[in-house]
Amino acid sequence: MTDHGLTRRDWLKLGGASLLVAGAATAPGDVFAQDTCQVCNVPADAAPPQKTFELEIGDTSSTFVDGESVNLLAFRLASANGVWKVPGPTLRVTEGMTVRIKITNLRKEMHSFEITGIPQSKTEVAPNCSCWVQFTAPVGGTYIYHDAFANSPLYRLMGLHGVLVVMPLNGVTKKTATNPYPSQTPYSLDTLTTAQRNAITKVFNALGTTDRFLGGAEGKWVPCTDDSDYSFQEKVWVMQAIDPRFQALIVRGQPLMSAPQLTGDIVNNFVPRYFQLNNRSGFDLNQGEDICPDNYIGEPTLIRMVNVGITHHSPHIHGNHVLRLSQANLDPASPDFGKVQVADNIFEVDTWSMWPMERRDILLPFEIPPDIPYKPLLATDPQGLQFDRMVSRQAKEPFPLRYVMHDHCEMATTAGGGNYPQGMVTHWEIMGGLGGRKLQTAQL
Ligand SMILES: [Cu+2]
């Protein structure tokens, strides 16, 4: 795909057009002087939930990498002692669970809530009201919860978005004579087609057990199992673009300002100036356990990537190629719209596309980087692999080895209209060789 002849505005149109549904009776930004809450409780005879979350909708502010401050709409867990988060807290459930979510709107305009691919999760919430939704968790994968009030991306762009992770019910590969180490995968193997199951099984069984993916039984992917946003082998990257003119409509604690000249045609009016991962960019992405995988060889890391903006991105990672495990069905005409599509042929890629509302799971294998010379550089050097010599400090390259991640859509590497490289740029680190974490822990 080429961008020759297309303006940035054309790209935005392409990126966002499919997300807008015309003819909505109510526009976002309209303020409702509503003093009664609508009836939106889960029926009394509904099945008791196995997992409950209480989310609140409010506002917060952030200072971006160039010092610019903006207001944002935000979610927080009602139990989180007042910490508003953009993106919202990562919610983790297991497939088949009965999940109940209470949404309380602390803002002074109408809001809504829904999770991609889960129709029963949809509700509207009037100011100072609460609504409950209840649904059965769908198949394992990565989902986006967001505010799509009046079928508009406006409130999502302003900060109301987060990730729901569904862990599989049966995601463990089978132990066989040729596969002594069963492996946890992110997907329910029972629900996959034979081709999908074979592809996922093959990759996850290979982890730790081949010349390429080292580590034996310990070289496997370990999922994040608690309610954390991330773990050391599982990250959530939320891509988002910000146009401060839209954020300026948010006055904290006050109803959203009306600006039909802006919000009447969001896709055409939106001019992104900040391109973010988890609400920060550039130098502010140089560290952070939520973003940067800092692991040892043999610690494959799953990155759940979603794009909540209306601009297209093309992330690119140096050092290792990644394995593209799944994507979302983004075709509104498809009966499977919003569902997780597990790959039936797993590509090794170094650049991949992230369309608006795309959700992709990619696996960063933490293999020895193939661009490190296999053999010692000099004939006079002792034999052995160059990487092993680096680990035993016979070579000059120091750990950690740092590899960049940047966006091949060039505009997204800038901030504030041209500050390069302060955009969607971060890195990952190889801390050391195989078994390094154990050695490091032993030394503490
Ligand atoms: Cu590059």
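Residues numbered from 1 in each chain as written. Predicted model: local features only at pLDDT ≥ 70, side-chain atom pairs only at ≥ 80, totals over all residues.

Our focus in this paragraph is the overall build of the protein. On a plain count of helices and strands, the protein comes out with eight helices and 20 strands. For 444 residues, the compact-globule estimate of 2.2 N^0.38 gives 22 Å, and the C-alpha radius of gyration of the protein, at 23 Å, lies within 12% of that figure. The C-alpha extent of the protein, read off along each of the three principal axes, is 80 × 55 × 45 Å. For the protein, buried positions account for 45% of its 444 residues. Residue pairs in contact within the protein that sit at least 24 positions apart in sequence constitute 70% of those at least 6 positions apart. (Helix = DSSP H or I, 4+ residues; strand = E, 2+ residues; numbered from the N terminus. Rg over C-alpha atoms; globule rule 2.2 N^0.38 Å. Buried ≥ 20, exposed ≤ 12 C-beta atoms within 10 Å, placed from the backbone. Contact = placed C-beta atoms within 7 Å.)

Let's shift gears to the sheet that holds strand β5 (residues 111–115). Read from one edge of the open sheet, five strands run β3-β9-β8-β5-β6, paired in mixed fashion. Two strands lie at the open edges of the sheet, namely β3 (91–94) and β6 (118–125), each paired on one side alone. Neighbour-to-neighbour, the strand axes of the sheet open up by a mean angle of 20°, direction not taken into account. As judged from the four bridges shared by β3 and strand β9 (residues 161–167), these two strands associate in the parallel manner. Note on β9: the bridge partner recorded for Val-93 is Val-166. (Pairing = 2+ DSSP bridges. Axes fitted to C-alpha atoms, helices over the stretch in contact; angles between N-to-C directions.)

This paragraph deals with helix α3 (residues 194–206). Compared with the 18 Å implied by 1.5 Å per residue over 13 residues, the 18 Å span of α3 between its first and last C-alpha is a close match. Buried within α3 are the following residues: Gln-196, Ile-200, Val-203, Phe-204 and Asn-205. For α3, the secondary structure elements touched by its buried residues are β15 (322–328) and β16 (340–342). One or two steps after α3, the chain reaches Gly-208, where phi turns positive at roughly 85°. (Expected span 1.5 Å × (residues − 1).)

This part is about the pairing of strand β13 (residues 301–307). On a regular strand, one side chain projects to one face of the sheet and the next to the other, so that they alternate. Among the seven residues that make up β13, seven are buried, leaving the element largely enclosed by the rest of the structure. Residue alternation in β13 divides its side chains into two sets, Thr-301, Ile-303, Met-305 and Asn-307 and Leu-302, Arg-304 and Val-306, and both sets are buried. The pairing of β13 with strand β18 (residues 359–364) spans six bridges and is classified as antiparallel. The partner of Val-306 across the bridge, within β18, is Arg-359.

So, on to the nonpolar core. Within the largest apolar cluster, 102 residues are counted, with the highest numbers of intra-cluster contacts made by Met-158, Leu-164 and Met-239. The leading source of residues in this core is strand β10 (residues 234–242), at six residues. Excluding anything up to four places from it in sequence, Met-158 contacts Leu-72, Leu-73, Phe-246, Gln-247 and Ile-250. (Core = buried A, V, L, I, M, F, W, Y, C linked by C-beta atoms within 7 Å.)

Per-residue confidence for the protein averages 90 on the pLDDT scale, and 91% of its residues sit at or above 70. Low pLDDT, under 50, characterises residues 1–25; the predicted model gives this stretch 31 contacts beyond four residues in sequence or across chains. (pLDDT = per-residue confidence, 0-100.)

In this model, Phe-399 is joined to Pro-400 through a cis peptide bond whose omega is 0°. Here Pro-400 shows up in the loop between α7 (386–391) and β19 (401–407). The omega angle of the peptide bond from Tyr-420 to Pro-421 is 0°, so this bond is cis rather than trans. In this fold, Pro-421 is placed in the loop between β19 and β20 (426–430). The phi dihedral of Asn-279 falls on the positive side, at around 70°, and the residue is not glycine. Mapped onto the fold, Asn-279 is located in the loop between β11 (274–277) and β12 (294–295). For Asn-279, a count of 19 C-beta atoms within 10 Å corresponds to the partly exposed category. One non-glycine residue, Arg-393, adopts positive backbone phi at about 60°. Mapped onto the secondary structure, Arg-393 falls in the loop between α7 and β19.

This part is about the sheet that holds β12. In space, the four strands of this open sheet follow the order β12-β20-β19-β14, with mixed pairing throughout. Of all strands in the sheet, those bounded by a partner on one side alone are β12 and β14 (315–317). Of the pairings in the sheet, the one linking β12 to β20 comprises two bridges and is parallel in character. Paired with Asp-294 across the strands is Glu-429, a residue of β20.

Let's shift gears to the environment of Pro-293. Within the fold, Pro-293 resides in the loop between β11 and β12. C-alpha of Pro-293 to C-alpha of Leu-192: the two residues are 101 residues apart in sequence and 28 Å apart in space.

The buried fraction of β9 is high, at seven of seven residues. Here β9 shows no split at all, with His-161, Val-163, Val-165 and Met-167 on one side and Gly-162, Leu-164 and Val-166 on the other all buried. Relative to β9, strand β8 (residues 141–146) is paired through six bridges, and the arrangement is antiparallel. Within the sheet, the bridge partner assigned to Tyr-143 lies in β9 and is Leu-164.

A few words on the environment of Tyr-181. Relative to the helices and strands, Tyr-181 is located in the loop between β9 and α3. Between the C-alpha atom of Tyr-181 and that of Ile-291, which follows or precedes it by 110 residues, the distance is 29 Å. When near neighbours in sequence (up to four residues on either side) are disregarded, Tyr-181 contacts Gly-208, Thr-209, Ala-217 and Lys-220.

With that settled, consider the environment of Val-267. Its location among the elements puts Val-267 in helix α6 (residues 266–269). Taking the C-alpha atoms as reference points, Val-267 and Met-167, 100 residues apart in sequence, are found 34 Å from one another.

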